[in-house]
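Results of the structural survey
This is what each chain is made of:
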Amino acid sequence: MAKKATRQAFGEALAELGDKNQDVVVLDADLSKSTMTCYFADKFPDRFFEFGIAEANMIGAAAGMALAGKIPFACSFACFITGRYDTIRMSVGYTNSNVKIIGTHVGIGIGEDGYSQMGLEDVAVMRSLPNITIIQPADEIETKQAVAYAAEYDGPVYMRLTRQKLPDINQDGYVFQHGKGVELAPGNDLTILATGGTVYHALDAKKQLAEKGIDARIINIHTIKPLDTDLVLRCAKETKGLFTVEDHNIIGGLGSAVAEVLCEHYPAPLKRWGILDVYGESGGEADLYHAYKIDAEGIAEAAADFYNRISK
Amino acid sequence: MAFQLTRDVNTIKSYAKTIRMNVIKMLTEAASGHPGGSLSATDVVAALLFAVMRHDPTNPKWDNRDRFIMSKGHCIPAWYAALAQAGYFDEKELCTLRRLGSRLQGHPDRCKLEAIEASTGSLGQGLSIALGMAMAAKMNNADWRVYCMIGDGESQEGQIWEAVMAAAKFKTDNLTVILDHNNGQIDGYVADVMPIMPIEEKFRAFNWHVIGVDGHDINQILNALDEAADTKGRPTLILANTVKGKGVSFMENNIGWHGKAPSKEEEEKALQELAAI
């Protein structure tokens, strides 16, 4: 099974997009070799702008370019770019400028660099801003289609990408549909809603749960906002409970979004799983996923505990 | 059709006078707002819209228009008053300032009023947007220019200096920044709150072209704007030395008038003084 970091897929897709759409411009803040905008920069030097280590100005300039008809992709690590919240709030959200904000290096999956470089609260802050779409693709094909979609979509987008490699979970011929969750595996007992780097772990967890006699449905939520509320409610009705898992703080992320929908429309058992309101730390990617229990084993164990509790 | 600009100084002064009177009326009607900085900015605003900028009140989104961003968004009443005079909307609408449902938000909102280029009010951000616009014009080989007014208090924001650094790097000579140097901010004099001087030297150190003017002398303002347009290879800062509350004796250089609306009596007194200019 092919494995690729979604930041890598993004960089390749962006360089392709540059041929197709002359309005696409790319801005980076001294991380082009990490966000993978370097491919676009090599191919289209006249449409690539290096802003140095000054993210707020980069975001504002992207807004100005968008207001003058360009389609800017402003890129940095998720924690740094969404850390310029007020600039995003005013110059992108409230101004409704057609800026594509790209945050790479999300979650504890970045590994050794440790907490300061980990985007663990980015979804929480971005979700609080009206009219900004939040997308987190889970593999190469989904990333490439999401990038093409973001360029065509008229409005602000925040896209969240991994440093670590992720295996393919979607088949050839997959079609990305904005705002629609994807059922990756059927199941009747429990629904696991995963996003980004945790999706393939959730798929592996399904096998471990099956050994325990639990039939888990696995859903990939690539669009966190607007959330596929129809799908969430259908799963709440068709299975005994919902279990969300994300490489992000459980406060404010996918789990919170699902909780908001359930509470208001169809109260049902829910377990939010992910980074349990703590800061991250250094370590190998796999070691961290294991230690924070968001690898397949950790997910299966937490999901089984939850299921056993609610099915008593 | 493009707005018919004028270089007649007395005509521009008369526009400025009407802007000031309308600012006083608008703020009194709204019972809130920022007179000090609106009045200090007025002469530059009048020179830009009536003498320099290429624009069309019947087509606010004309591709080839020059762009203006009021980065110190709280002073937008001066720009609203100027827009109304230029014919962008009826002068009567000015009295809706800050009311529920008004297109004239307390701080500018581009999604509500077409003639507004960028939503500002959180200080330090308008210059970055102006820079992005100027870069886009260069990419398109378009000859429209970008004007951005910032405040001296606003220059305490870090993002201003990020933008100043970048504008020099990207050689945006189609960007002109006017710094309304009125010496005041909410908590007191800029020199006490957080000194920014010598600001000319700071901009020069970042490789900007810098011109100092009396921000209430129309001739000096026009000459500086022309010099900025003729300057190639780098952006220009026009340091407009102004008086906060200019034109109303009891508001001039009085920090208390940064963000306070006049009472009815004060309005009357202010309008009498302005009418006599």
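Definitions and cut-offs
- Residues numbered from 1 in each chain as written.
- Chains lettered and ligands numbered in written order.
- Predicted model: local features only at pLDDT ≥ 70, side-chain atom pairs only at ≥ 80, totals over all residues.
- Heavy atoms only, no water.
- Helix = DSSP H or I, 4+ residues; strand = E, 2+ residues; numbered from the N terminus.
- Rg over C-alpha atoms; globule rule 2.2 N^0.38 Å.
- Buried < 20%, exposed > 50% of the residue type's maximum accessible area, 1.4 Å probe, protein only.
- Contact = heavy atoms within 4.5 Å.
- Pairing = 2+ DSSP bridges.
- Axes fitted to C-alpha atoms, helices over the stretch in contact; angles between N-to-C directions.
- Polar contact = N/O pair within 3.5 Å; in protein donor to acceptor, adjacent residues only side chain to side chain.
- Buried area = accessible area lost by both parts, 1.4 Å probe.
- Salt bridge = Lys/Arg side-chain N within 4 Å of Asp/Glu carboxyl O.
- Nonpolar A, V, L, I, M, F, W, Y, C, P; charged D, E, K, R; others polar.
- Expected span 1.5 Å × (residues − 1).
- Bend = angle between axes of the 7 residues up to and from the residue.
- Right-handed = clockwise from strand over helix to strand, strands pointing away.

Moving on, we get to the overall build of chain B. In terms of regular secondary structure, chain B is built from nine helices and seven strands. Relative to its length of 277 residues, chain B is compact, with a C-alpha radius of gyration of 17 Å against a globular reference of 19 Å. Oriented by its inertia axes, the alpha-carbon framework of chain B measures out at about 50 × 45 × 35 Å. The buried share of chain B, taken over its 277 residues, is 61%. In chain B, 77% of the contacts between residues at least 6 apart in sequence involve partners at least 24 apart.

Attention now goes to the sheet that holds strand β11 (residues 216–220) of chain A. All names here are of chain A. Ordered by their spatial adjacency, five strands build an open sheet running β9-β11-β10-β13-β14, and the pairing between neighbours is mixed. Two strands lie at the open edges of the sheet, namely β9 (182–185) and β14 (270–275), each paired on one side alone. Sheet twist, expressed as the average angle between the axes of neighbouring strands with direction ignored, equals 25°. Helix α11 (residues 254–265) rests against β10 (190–194), β13 (242–249) and β14 of the sheet, and its axis sits at about 145° to β13.

Time to look at the side chain of His209 of chain B. Residues and elements named next belong to chain B. Turning to its location among the elements, His209 is positioned in strand β6 (residues 209–214). Engagement of the side chain of His209 in a polar contact is seen with the side chain of Glu227, the distance being 2.7 Å. With residues near it in sequence (within four places) discarded, His209 still touches Glu227, Thr231, Arg234, Pro235, Thr236 and Leu237.

Time to look at the interface of chain A and chain B. Taken residue by residue, the interface counts 24 residues in chain A and 28 residues in chain B. Here chain A and chain B share an interface that buries about 2,000 Å² over both sides, 60% of which is from carbon and sulfur atoms. Contact with chain B buries area across many residues of chain A, yet Asn57, Leu67 and Tyr94 of chain A alone supply 27% of it, more than any other trio. Taken together, the links from chain A to chain B amount to zero salt bridges. Remark: the boundary between chain A and chain B carries 13 residue pairs in polar contact (both at pLDDT 80 or more). Secondary structure elements with two or more residues in the side of chain A that touches chain B: β3 (48–50), α4 (55–67) and α6 (85–94) of chain A. In terms of residue count, the dominant contributor to the side of chain A that touches chain B is α4 of chain A (nine residues). The residue makeup of the side of chain A that touches chain B, split by class, is 12 nonpolar, seven polar and five charged.

Residues and elements named next belong to chain B. The end-to-end C-alpha separation of helix α2 (residues 35–52) is 24 Å, in line with the 26 Å expected for 18 residues at 1.5 Å each. Along α2, the largest kink reaches about 45° and is centred on Thr42. Counting buried positions along α2 gives 18 out of 18 residues, so the element sits mostly inside the fold.

Counted according to the given criterion, the structure contains 24 salt bridges over all chains. The closest approach of N and O atoms between Asp43 of chain B and Arg20 of chain B, which form a salt bridge, is 2.6 Å. One end of the pair, Asp43 of chain B, is in helix α2; the other, Arg20 of chain B, is in helix α1 (residues 9–30), and 23 residues separate them in sequence. Accessibility classification places Asp43 of chain B together with Arg20 of chain B in one group, the buried group. Between Arg99 of chain B and Glu29 of chain B there is a salt bridge whose closest N-O contact spans 2.7 Å. Residue Arg99 of chain B is found in the loop between α3 (76–86) and α4 (126–139), and its partner Glu29 of chain B is found in helix α1; the two are separated by 70 residues along the sequence. Connected through salt bridges with shared partners, the residues Lys4, Glu12, Glu140 and Lys144 of chain A form a single ionic network.

Before going further, it helps to spend a moment on the pairing of β10 of chain A. Residues and elements named next belong to chain A. Taking burial as the measure, the five residues of β10 include five buried ones, the bulk of the element. Of the two faces of β10, the one holding Leu190, Ile192 and Ala194 and the one holding Thr191 and Leu193 are both buried throughout. Strand direction decides the pairing type here: β10 and β11, joined by five bridges, are parallel. Counterpart to Thr191 in the pairing with β11 is Arg217. Running through helix α9 (residues 199–211), the crossover from β10 to the neighbouring parallel element β11 is right-handed. With four bridges joining them, β10 and β13 adopt parallel strand pairing. Looking across to β13, one finds that Leu193 is bridged to Thr244.

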